[in-house]
Amino acid sequence: MPEAKSIEPRTASADAGSIRFFDLETPKKMLRAGIEKRWQKILDHGAFIGGPEVGELEVQLASWAGTTHALAVASGTDALVIALMGEDVKANDAIFIPGFTYNATANAVLVAGATPVFVDVDAHTCNIDVGHLEAQIDAVWKEGQLRPRMIIAVDLYGLPADYEAINRIAKAHGMLVLADAAQSFGGAQGGRRIGALTDMSATSFYPSKTLGCYGDGGAMLTDDAARFERWSSIRWHGTDAAKKESIRVGVNGRLDSMQCAVLLSKLTVFADEMKARERIAQRYRLGLGNAVEMQHVPAGSQNAWGLFTVMVDNRAEVMKKLQDQGVPSSIYYYKPLHQHMAFAAYAPKGGLPVCERLAERVLSLPMHPYLTDAQVDRVVAAVKGAVL
Ligand SMILES: *Cc1c(COP(=O)(O)O)cnc(C)c1O
């Protein structure tokens, strides 16, 4: 039909030209046939909860990360909550978290019934400041009200936190480390992948994360068999392996078979996607040069590039100029957590100056594995024009 012919090229070229901040469409088109096949299999076998896809996914996640165990759960937030519940945290347990992260990190601590202690971040990596972490731990010991129990390090925008220092500090104080790797699955540090860098890790499969499903999802990773057994039980209402006895308080934290099927399909291209993210990030960095400050990636760390973030002073103006050029941009995050209503009671005296300053300056640019070189160059040119 002539109509179809005239419409199709126009749609295709508009698509190729428009720059998406995230791109959920391209992988969906690429993988759709395979996902539908897996979904049909689930409709046939009928094991919507706890189907064979769940175990298959867990084996692949552990194998990717290089851990002994992986547990699929209902969301990244559930992963954090279950990890905290697994250590039986109480109100007098201090859980140290960065002030500049998604609210889920703080919510998880409070939902699990522990007490968050906010720590400032590094102005260049945007991750937890290990100097301030030590100061906050010392202050809590000195005060004598709470027991320093755990550090939740967040890999902001995909960059692994400084696990070498964090693990050392935790060990010195008899504390545990939980990696909130919701933004960093696929990243690495010192030749080891995210998931295997500390005692335990939690990640998210929210659709726009580096590995995303088509709904909510998450996973937990560890090498500790006893810890993994506790998590498995908590995920399934706190029941024993035979599903007969409630042996502890638990939650419904399961990931369903349909989402596991999506993730199994997504994993077939994940290694290629991670390579593409790295290539695109390097093109951004080379192109932007000294025009703007960018998140610093320390030697030995491999950023998963969940987001590509720069820091600018006149942010509202820059955003407007980018928008006029057809370049989407976004702010993660407008406000540090200690300034939110729900967490204000835990705000440190004197605030968290670096978190507060970053919240005014950060700006994330389009980042997904399907950006073309021409698109990256257009973003670079638009940013350079906007910050002049
Ligand atoms: C996305 C995210 C979470 C929460 O994950 P959900 O799957 O949405 O529950 C937790 N922490 C960080 C840092 C995140 O970016």
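Residues numbered from 1 in each chain as written. Predicted model: local features only at pLDDT ≥ 70, side-chain atom pairs only at ≥ 80, totals over all residues. Heavy atoms only, no water.

Before going further, it helps to spend a moment on the site of the ligand. Around the ligand sit 14 residues in total, of which Gly76, Thr77, Gln183, Ser204 and Lys209 are the nearest. Within the side chain of threonine 77, an N or O atom sits 2.5 Å from an oxygen atom of the ligand. Between the ligand and aspartate 180 there is a distance of 2.8 Å, counted from a nitrogen atom to a side-chain nitrogen or oxygen. Protein burial of the ligand: of its 380 Å² of free accessible surface, 93% is covered by the chains. Those elements that provide at least two residues to the shell around the ligand are helix 4 (76-86) and helix 5 (103-111). Split into classes, the residues belonging to the shell around the ligand amount to four nonpolar, eight polar and two charged. (Near = heavy atom within 4 Å. Polar contact = N/O pair within 3.5 Å; in protein donor to acceptor, adjacent residues only side chain to side chain. Areas by Shrake-Rupley, 256 points an atom, 1.4 Å probe, with all protein chains shown as cover. Helix = DSSP H or I, 4+ residues; strand = E, 2+ residues; numbered from the N terminus. Nonpolar A, V, L, I, M, F, W, Y, C, P; charged D, E, K, R; others polar.)

At a closest axis distance of 8 Å, the pairing of helix 3 (residues 52-65) and helix 9 (residues 257-288) adopts a crossing angle of 35 degrees. Regarding helix 3 and helix 9, the two cross each other, and that crossing is left-handed. Contact residues: Glu53, Val54, Glu56, Leu57, Gln60, Leu61 and Trp64 in helix 3; Ser257, Cys260, Ala261, Leu263, Leu264, Leu267, Phe270 and Ala271 in helix 9. A per-class count over the contact of helix 3 with helix 9 returns 11 nonpolar, two polar and two charged. (Axes fitted to C-alpha atoms, helices over the stretch in contact; angles between N-to-C directions. Left-handed = near helix turned anticlockwise from the far one by under 90°. Contact = heavy atoms within 4.5 Å.)

Moving on, we get to the pairing of strand 5 (residues 176-180). Across the five residues that make up strand 5, a large majority, five, are buried. Residue alternation in strand 5 divides its side chains into two sets, Leu176, Leu178 and Asp180 and Val177 and Ala179, and both sets are buried. The sheet contact formed by strand 4 (residues 147-154) and strand 5 spans five bridges and is parallel. In the sheet register, alanine 153 faces strand 5, and the bridge partner there is alanine 179. For the segment spanning strand 4, helix 7 (residues 163-172) and strand 5, crossover handedness is right-handed. Judged from the three bridges that link them, strand 5 and strand 8 (residues 200-204) form a sheet pairing that is parallel. The partner of alanine 179 across the bridge, within strand 8, is serine 201. (Buried < 20%, exposed > 50% of the residue type's maximum accessible area, 1.4 Å probe, protein only. Pairing = 2+ DSSP bridges. Right-handed = clockwise from strand over helix to strand, strands pointing away.)

Enumeration according to the criterion identifies 10 aromatic pairs in this entry. Aromatic side chains phenylalanine 21 and tyrosine 332 sit 6.4 Å apart centroid to centroid with 20 degrees between the ring planes, which places their arrangement in the stacked category. Of this pair, phenylalanine 21 sits in the loop between helix 1 (2-17) and helix 2 (25-45) while tyrosine 332 sits in the loop between helix 10 (315-324) and helix 11 (353-361); the two residues are 311 residues apart in sequence, bridging distant segments of the chain. For the ring pair tyrosine 332 and tyrosine 333, a centre distance of 5.7 Å and an interplane angle of 90 degrees mean the geometry is edge-to-face. An aromatic cluster is present here, built from Phe21, Phe22, Phe100, Tyr102, Tyr332 and Tyr333 joined pairwise through their rings. Against the face of tryptophan 236 rests lysine 243, its NZ or CZ located 4.4 Å from the ring centre. Taking the ring centre of tryptophan 236 as reference, the NZ or CZ of arginine 254 above it sits at 4.6 Å. (Phe/Tyr/Trp six-rings, centres within 6.5 Å; stacked < 30°, edge-to-face > 60°. Lys NZ or Arg CZ within 6 Å of the ring centre and 35° of its normal.)

Our focus in this paragraph is the side chain of aspartate 23. Within the secondary structure, aspartate 23 sits in the loop between helix 1 and helix 2. A polar contact of 3.1 Å, which involves the side chain of aspartate 23, links it to the side chain of arginine 20. A distance of 3.0 Å separates a polar atom in the side chain of aspartate 23 from the backbone nitrogen of glutamate 25.

One can find aspartate 120 in the loop between strand 3 (115-119) and helix 6 (130-143). The buried charged residue aspartate 120 lacks any salt bridge partner; its closest oppositely charged side chain belongs to arginine 357, at an N-O distance of 11 Å. Among the polar contacts listed, one links the side chain of aspartate 120 to the backbone nitrogen of cysteine 355, at a separation of 2.9 Å. Not counting residues within four places of it along the chain, the set of residues in contact with aspartate 120 comprises Ile128, Asp129, His132, Leu352, Pro353, Val354 and Cys355. (Lys, Arg positive; Asp, Glu negative; His and termini not counted. Salt bridge = Lys/Arg side-chain N within 4 Å of Asp/Glu carboxyl O.)

With that settled, the discussion passes to the pairing of strand 4. Residues in a regular strand point their side chains to alternate faces of the sheet. With seven of eight residues buried, strand 4 is to be regarded as a mostly interior element. Here four bridges tie strand 2 (residues 93-98) to strand 4, and the two strands are oriented parallel to one another. Bridge pairing in strand 4 links isoleucine 95 to methionine 150.

Geometric descriptors of this kind do not, in isolation, establish any biological role.
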